[in-house]
Structure formats: structure tokens, C-alpha cells
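What follows is each chain in one-letter form.
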Amino acid sequence: MSDNTKGLRMKSGSQALRAGVELLSSMRFAISLLTVICIASVIGTVLKQHEPSANYVNQFGPFWAELFGAIQLNAVYSAWWFLLILAFLVISTSLCIARNTPKILTDLKVYKENIREQSLKAFHHKAEAALSDSAEAEARRIGTLLAGGGWKVRLQQRDTAAGPGTGWMVAAKAGAANKIGYIAAHSAIVLVCVGGLLDGDLIVRAQMLLGGKSVYTGGGLIADVKPEHRLSERNPTFRGNLLVAEGTQSSTAILSQSDGVLLQDLPFAIELKKFIVEHYSTGMPKLFASEIIIHDKATGEKTPARVEVNHPASYKGIEIYQSSFDDGGSHLKLRAVPMLAGAKPFDVEGVVGNSTQLTNKGGGPGSDTLTLEFTALRTINVENFGGAGPGGSGADVRKVDLRESVESRLGAANKTVTKKELRNVGPSVSYKLRDAAGQAREFHNYMLPVDTGDGVPVFLLGVRESPAEPFRYLRVPADDKGSMDGFMRMKAALADPQAREQAVRRYVSQAMDASRPDLAEQLQQSAVRALALFAGRGVVDGKPTGGLQAISDFMEANVPEAERARAGEVLVRILNGTLFELAQLTRQREGLPPLPQDDQTRGFMTQAVLSLSDAQIYPAPLAFELKDFTQVQASVFQVARAPGKNVVYLGCALLILGVFAMLYVRERRVWVWVAPQDGRTHATMALSTNRKTMDGDQEFVQLAQKLIGASPREGTA
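## Regarding the overall build of the chain
Tallying secondary structure elements over the chain gives 18 helices and 29 strands in all. Each of the 717 residues in the chain was classed as buried or not, and the buried ones make up 43%. Within the chain, counting contacts between residues at least 6 apart in sequence, those at least 24 apart form 63% of the total. Carbon and sulfur atoms make up 55% of the accessible area of the chain, which amounts to about 37,700 Å² in all.

## Topic: the sheet that holds strand β12 (residues 331-338)
The 3 strands are arranged β13-β12-β25 in an open sheet whose pairing can be described as antiparallel. Each edge of the open sheet is held by one strand with a lone partner, namely β13 (346-351) and β25 (622-630). Shown here is a sheet whose adjacent strand axes are inclined to one another by a mean of 30°, direction ignored. Summarising the sheet, β12 and β13 pair through 6 bridges and their orientation is antiparallel. Among the inter-strand pairings, L334 is bridged to a residue of β13, identified as V348.

## Regarding the packing of helix α14 (residues 547-558) against helix α15 (residues 564-589)
Running from amino to carboxyl end, α14 crosses α15 at an angle of 145°, the nearest separation of the two axes being 11 Å. The hand of the α14/α15 crossing is right-handed. Residues L548, I551, M555 and E556 of α14 form the contact with α15, whose participating residues are R564, A567, G568, L571 and L575. Tallied by class, residues from the contact of α14 with α15 come to 6 nonpolar, 1 polar and 2 charged.

## Quick word on the confidence of the model for the chain
Any region with low pLDDT has predicted coordinates that should not be read closely. This prediction gives the chain a mean pLDDT of 84; 89% of its residues lie at or above 70. Counting contacts from residues 409-417, a segment whose pLDDT is below 50, to residues more than four positions away or on other chains yields 10 contacts.

## Quick word on the packing of aromatic side chains
Inspection of every chain in the model, using the stated rule, returns 15 aromatic pairs. When the ring of F275 is compared with that of F325, the centres are 5.3 Å apart and the planes differ by 40°; the resulting orientation is tilted. Of the two residues, F275 sits in strand β7 (residues 260-279) while F325 sits in strand β11 (residues 318-327), which places them 50 residues apart along the sequence. Each ring, one from Y431 and one from F624, has its centre 5.3 Å from the other, and the planes form 80°; the classification is edge-to-face.

## So, empty space enclosed by the protein
As enumerated under the stated definition, the model contains 1 cavity of 30 Å³ or more in all. In terms of lining, the largest cavity is formed by D107, L108, K173, A174, G175, A176, E667, R668 and R669. Of all the secondary-structure elements, those providing two or more residues to the lining of the largest cavity are α5 (80-109), β3 (166-174) and β27 (668-677). For the lining of the largest cavity, a count of residues per class yields 3 nonpolar, 1 polar and 5 charged.

## What to know about a nonpolar patch on the surface
A cluster of nonpolar side chains, L655, V659, F660, L663 and Y664, forms an exposed patch at the surface whose accessible area comes to about 510 Å². Note on placement: F660 falls in helix α17 (residues 644-664).

## A look at the nonpolar core
Grouped together as the largest cluster of nonpolar side chains are 65 residues, with contacts concentrated most on L433, L579, Y618 and F624. Take this core: its biggest share by element is 8 residues, from α15. Once residues within four sequence positions are removed from consideration, Y618 is found in contact with M339, Y431, F443, L461, L474 and A623.

## Things to note about the side chain of R500
In this structure, R500 sits in helix α12 (residues 497-511). Here R500 occupies a buried position and makes no salt bridge, while the nearest side chain of opposite charge, D496, is found at 6.8 Å. Setting aside chain neighbours within four positions, we find R500 in contact with A493, L494, A495, L531, A532, A535 and L582.

## A look at the pattern of salt bridges
As enumerated under the stated definition, the model contains 28 salt bridges in all. As a salt-bridge pair, R230 and D265 come within 2.9 Å of each other at their nearest N and O atoms. Placement of R230 in strand β4 (residues 230-231) and of D265 in strand β7 is noted, with a sequence separation of 35 residues between them. The residues R230 and D265 share a single accessibility class, namely buried. Ionic contacts of the salt-bridge type, sharing partners, join the residues D107, K112, K179, E667 and R669 into one network.

## Examining the packing of α12 against α15
Running from N to C, α12 and α15 cross one another at 115°; their axes reach a closest spacing of 8 Å. As summarised for this structure, α12 and α15 are arranged roughly perpendicular, according to the angle between their axes. For the pair α12 and α15, the sense of crossing is right-handed. Between α12 and α15, the contacting residues are A499, R500, Q502, A503, V504, R506, Y507 and Q510 on the first element and R573, I574, G577, T578, E581, L582, Q584, L585, Q588 and R589 on the second. Looking at side-chain class alone, the contact of α12 with α15 contains 7 nonpolar, 6 polar and 5 charged residues.

## Notes on the environment of M512
Mapped onto the fold, M512 is located in the loop between α12 and α13 (517-535). Along the sequence, M512 and Q524 sit 12 residues apart, while their C-alpha atoms lie 9.9 Å from each other. Other than its neighbours up to four places away in sequence, M512 contacts L519, A520 and L523.

## So, helix α8 (residues 177-199)
With 23 residues, α8 ought to run about 33 Å at 1.5 Å a step, and its terminal C-alpha atoms sit 32 Å apart, in line with that. Packed against the buried residues of α8 are α5, α9 (202-210) and α17.

## Re the environment of D265
For the pair D265 and S250, spaced 15 residues apart in the sequence, the C-alpha separation amounts to 9.7 Å. With sequence-adjacent residues up to four places away left out, D265 is seen in contact with R230, L231, S232, E233, S251 and T252. A distance of 2.9 Å separates polar atoms of two side chains, one belonging to D265 and the other to R230.

## Some remarks on the environment of L23
By the element assignment, L23 lies in helix α1 (residues 15-24). In this structure L23 comes out as partly exposed when scored by relative accessible area, which is 37%. When the C-alpha positions of L23 and S92 are compared, they lie 8.3 Å apart, and in sequence the two are 69 residues distant. Setting aside residues up to four positions removed in sequence, L23 forms contacts with R28 and F29.

## Topic: α5
End to end, α5 covers 43 Å across 30 residues, agreeing with the expected 44 Å (1.5 Å per residue, within 8%). The largest bend in α5 comes to about 35°, at N100, with the proline P102 one to four residues further on.

## Focus on the pairing of strand β18 (residues 428-434)
Put simply, side chains in a regular strand alternate between the two faces of the sheet. Counted residue by residue, β18 has 5 buried out of 7 residues, so it is predominantly covered. Examined bridge by bridge, strand β15 (residues 369-378) and β18 share 7 bridges and lie antiparallel to one another. Bridged to E373 within β18 is K432. Pairing of β18 with strand β19 (residues 440-446), which is carried by 7 bridges, proceeds in the antiparallel orientation. Following the sheet pairing, Y431 is matched in β19 by F443.

## Here's the deal with unusual backbone geometry
One non-glycine residue, Q72, lies in the positive phi region at around 60°. Taking the relative accessible area as the measure of exposure, Q72 reaches 11% and is therefore buried. Positive phi outside glycine occurs at K112, with the angle close to 55°. Looking at the secondary structure, you find K112 in the loop between α5 and α6 (117-120).

Calculation criteria
Residues numbered from 1 in each chain as written. Predicted model: local features only at pLDDT ≥ 70, side-chain atom pairs only at ≥ 80, totals over all residues. Heavy atoms only, no water. Helix = DSSP H or I, 4+ residues; strand = E, 2+ residues; numbered from the N terminus. Buried < 20%, exposed > 50% of the residue type's maximum accessible area, 1.4 Å probe, protein only. Contact = heavy atoms within 4.5 Å. Areas by Shrake-Rupley, 256 points an atom, 1.4 Å probe, with all protein chains shown as cover. Pairing = 2+ DSSP bridges. Axes fitted to C-alpha atoms, helices over the stretch in contact; angles between N-to-C directions. Left-handed = near helix turned anticlockwise from the far one by under 90°. Nonpolar A, V, L, I, M, F, W, Y, C, P; charged D, E, K, R; others polar. pLDDT = per-residue confidence, 0-100. Phe/Tyr/Trp six-rings, centres within 6.5 Å; stacked < 30°, edge-to-face > 60°. 1 Å grid on protein atoms, 1.4 Å probe; cavity = no way out; pocket = protein on both sides within 12 Å on 5 of 7 lines; lining within 4 Å. Points joined across faces, edges and corners; volume = space filled by probe spheres on them. Patch = residues over 30% accessible without salt bridge, like charges linked within 9 Å, V, L, I, M, F, W, Y side chains within 5 Å. Salt bridge = Lys/Arg side-chain N within 4 Å of Asp/Glu carboxyl O. Core = buried A, V, L, I, M, F, W, Y, C linked by side-chain atoms within 4.5 Å. Lys, Arg positive; Asp, Glu negative; His and termini not counted. Parallel < 35°, antiparallel > 145°, perpendicular 65-115°, else oblique. Expected span 1.5 Å × (residues − 1). Polar contact = N/O pair within 3.5 Å; in protein donor to acceptor, adjacent residues only side chain to side chain. Bend = angle between axes of the 7 residues up to and from the residue.

Here's what the structure looks like:
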């Protein structure tokens, strides 16, 4: 706004006060603040804001997570230092406006008609010519031409310096909006910052500092939260979130703070009648909207409304935005599948968001008491199976990483994998099992069996130790009835020595001729050993002792390296045969027909062997299968009273006008000195502009020719 970076200079007061005012009103200080705000805004854009502290620990580590929390980089736009910088920027820019506006307004009023003839000859754009009429007539003619061209003109009559006679100065100006643009642009900065302060946490923090309000860090029902953690319905500005399940209503918004939450009471309650969601073929939401009823607390009036993304509803100065959606407390029916020997399956019912206590009496790892936390229900899971299976991309068909499968085919154009086969694999349930020490594992199980590419439908039982890790899946093959029962019967029978012995006898009787009892005895011993190794001895020192790994360890310890390949092939064939007979035995006990000798059975048995081996390292005594559910949707609304919004809009309009005026409007001044000289009338003309451009050069050429009929000549200022 000025031609220097110095600020307002006070003539009175202490030296510290004068220095402080000069610094605050200086351009260099305002630019420094803008630089810091830009850097902070970049950080706030790159770093996810208002995430749980555990997410920052998992992503950046404990040191950086603690540092981010200490300087509030996880909540940049509501941090005290960010608000303080905005306040200083408002003060600095306001002082800058106050310092320069009087000079600009004064400059707008003056025509500078007192400029001397010699000064005109020093301008870059200047011209001289002899005129035919008298000085007064020529001056009035020139003034009329300039006024007709949109210039503001003033005529001044004064004596000439060279001798007797009266001269006339024609002073004209145009493009004064250029200077108004400076005021508008700088005022826009003030308005935008003031609007940001009004709609930010400044007023909320003021209530916490001066009004006795404090954040709430506990749990429980919203109705039980004390008044010191609640903000009044008359709170002039706030922005919070409100979760409403279908068929319920709520009137209290949650304002997230860096160290807790505040509750904002609303003058109305929002009832969610119906939540509407539509999906793309990729499973991503295409549309989600809420049919709501607004209940006015004061009058009891009911106002129906529809809220969509980018189409908010407004009531009593409060905007209601569709932010996202969540589970509203879906009812789940689960079947507990025991992963340890001797345990019985049982049914569990619960609601998403709640938990229940379980007693682990199976003797497995962990505490006797477990807490089952129902965390999520997803009714649609669209995954990409393009290239799966032996005939596809060549990837290991046992690898189950559905998220990576999708993400590897989306995004940058340089990705070479383009084949897609999107398929909805049905509902899934997520839950956590927490022990008495508070340690929890997260599980994600699909309700329906999924064919991942090898022709064998499998139930996917996912588990991970922390949110930073991907899920690892146990693949349980579906039996001929599409359930896990066949596999679980095999698993229980494998842990029973009598069932194993009977399966070995069945296998030996079918594999050997009764006339060779010596070979039958050897085969029986090998089969018993293979099945016992595979079944294992349970968990010893926290590690499983069975599965294919146990057989591999046995081979390395007891078979010479040169013979391991042939011996391993024989042992695996024996193992597969005895496990098949074990499966037939379990079906016989249940009164089911035997498995046929076909490709489907061979695929089931191949996957069953792998799953029986992997199940021994499953880190929980129970897995929970989703049997049925009743979905309840919930909408997440953002409710905001934002008085600064209109202030920001006004600031944006002023900023556009100001920038347009500064860039596209040129301030120009023209002087023409007309005076008698040597019996004739002589004219000296000059033009000044705030920017030297080709348009300015062309304009002066045209003006000089039009006003005094002269060709301009350039000089230096």
C-alpha cells in the first residue's frame, strides 16, 4: 500500500510503544505473518487433522506424535498460536490501512495543477507544440476533449514565469480506482481473517477461559454430562458433529478439542426418518442423503427437510450439512466357532458399538475373561478379483489381501495392471477381542464364502494386531452345504486321538492288501506318526507344535537331506489320505453321505489341509461367524452457526474487486501547460502513470496528437 515497508510512526509515547506500533503497521511484518499462515495451512492440509492420537503414533512414532500434540499441529486451524497470528495479522493490516488510507483519499482529491512547466519537461512522456488560438481558448478546448474522454479535469489560470501574460494549466486524472483497489484488497485480508476468527474456536476458547467452561474427557451418556462442559444454545458461533441413528433424534452436537470435547446444545432436535445411500459399481458411495424432521424446542414445530452432500438445510441461522454416515447400532447375530479342542460353539447377539463379556474355558492362550466389542457391520464389500487364480496374473492364490488388490488397479496411469473384475462378496463384521489386561486384537470376518480364484469357496477370517497393520486371513473351506461345519468337524476330530486312530485304520485297510500284514504295519506306524505330528501337542511356550511346519521340522531332524524330497512326498500323501478318511469318519458320525471322489472334494481337502495347519496359529480361542443382522443406519451431520461466513464472502468480493482494480486499472495523470510565447500560444504536455506499459505509450501518442497535434518525444524522468 505504500512505497516503503516502514510502519506508522508515532510522535508521542514511550520508545517501546512507538517501535511496537511501527512494527505492527509495517508491510514487512504483515508479509511475515502471511508467510507463517501459508506454511501452517500447508501443514494443516498435508497432515490429517483431529485424528485420534493412536493414529499419529502408528504413523509417525511416539516422539513425533507427542511433538504434534504439544504444538497442536494435529489441529492447526484451532491452535492458539494460529488464532494469535490471525489476530496480529488483523491488527497489522488494519494499522497499515489506517496509515495509508488518508494519504490515498487526499491524493484522490488533488489534481496537482500547481506543477511547474520545467517539471513537465522532465517526465518520460512529454510533448510540445504551437497552437493557433489564444491560451484560454486552447486550454478550454483541451479540457473539454479530456472530459469527453472520461477524464476528470481542472483548469488553473496563473501568470507565466517567463514574462507578462496569463497561462493556463490543464490538469486531468483517470483510473483513481487503482488506489481504491489497494484499500479494497487490504480490507479484504482483514475481513477474511475476522471471519475466520469468528467462525473458529476463538469465541469457544474465550468461554473456556472466562466463562468457566472446560473440556470433557470421560464417557457415559450425554445427558449425564455436567453444565460446565456444555455450551449454551445462544452460543454465537460453533461448528460440531451430530450422529443420529434412524428412528432416533438428537439435539446435542460434539465440538472436538485437542484434549477432549465440548457439548453444544441446539435450539432444536434432529430426527432421522430415513437414510439413503447409493453405491457405484466399485462399492464407493455415489449418493448419501438424509430425510430428517427438525423439532423446534421452543414451539414444538416440526419441519421436514432433506440434507444431501453440498445441499445443506438451514434452521434458525444454523446450517445442517451431510458430513458422512455410520452404523447406528445394527443388531448382530454371531456364532462362536471354537479354535481350541474341547470347546463347544455357541451363539452371541449384540449391537454395533456395544460389548459383551465372554469366559474362555478352553484352556487356550490369554485370560479366562474376554471382552467382545462389536465395532462395525458392512453390508457391501466390492473387491477386485481381476487376474486371480492360476490363469490370471500369476499371483499366489492363497494370498488374501483384497484392499491391495483393489488399490493396485486404481490411481496413477503408469500402473500396468489394468484387468478388473469387481464383485460384491457380501456382508462382513468387524469386532475386537480384548483380554483382562486391555490388549485387543481386531478381527474382520466375511459372512459368505468367497471364491478367490482357485474354485474353492472359503470363509475369510481376518485378524490384525493393530490398525497400522493389514489384515491376515485364515481361509476356511466351505463344505458341500456352504458352511464351516465340515471343516470344524475335521478340526475337532484331529484333536481326538481315538478318531485319529480309527481314521488311520480305515486308510491302511483301503491302501494295503490284507495279504501283506508286514507292510500294513509299517504304513500304519507312518500314518499314525504323520497324523500325530500334524495334530501337534497344542501350544507350548506360546508356540503351536503342529501343522505342516511340524512335519517339515521332523523331516529336517530325522531324514537325510538326499532322501527328504522322496520321503516328504510319501509322508504328505499318507497325511492327505488319513485326513480324507478323518473327514469321511466325521460325516459318518453325523449321518451324512460320504464325500465323492471328484475334483470338488479334492479342492476342498487341499484347502482343508492348509487351513488346518494355519488354524493352529490363529491368535484367538474363538472366531465369530456372522449368521444374521438387522442393519440400522446413522447419519453424521455437521451443524454450524457461522456469522463470519458473510464477512468472509464480503472479504472475497472485495479481494476480487481490489485485485482486478490493481491489475487492470491504470492510474494516469495528464498536464497541459498552455501559455503565450513569442506572440504565439505554446503548449507543453506530460503524462504520468503508475505502471509503464505499451498501452500507456500508445495512449500518450494518441492524446498528444488529439490535444495539441504534436508527436511526443520520450525522455527520462
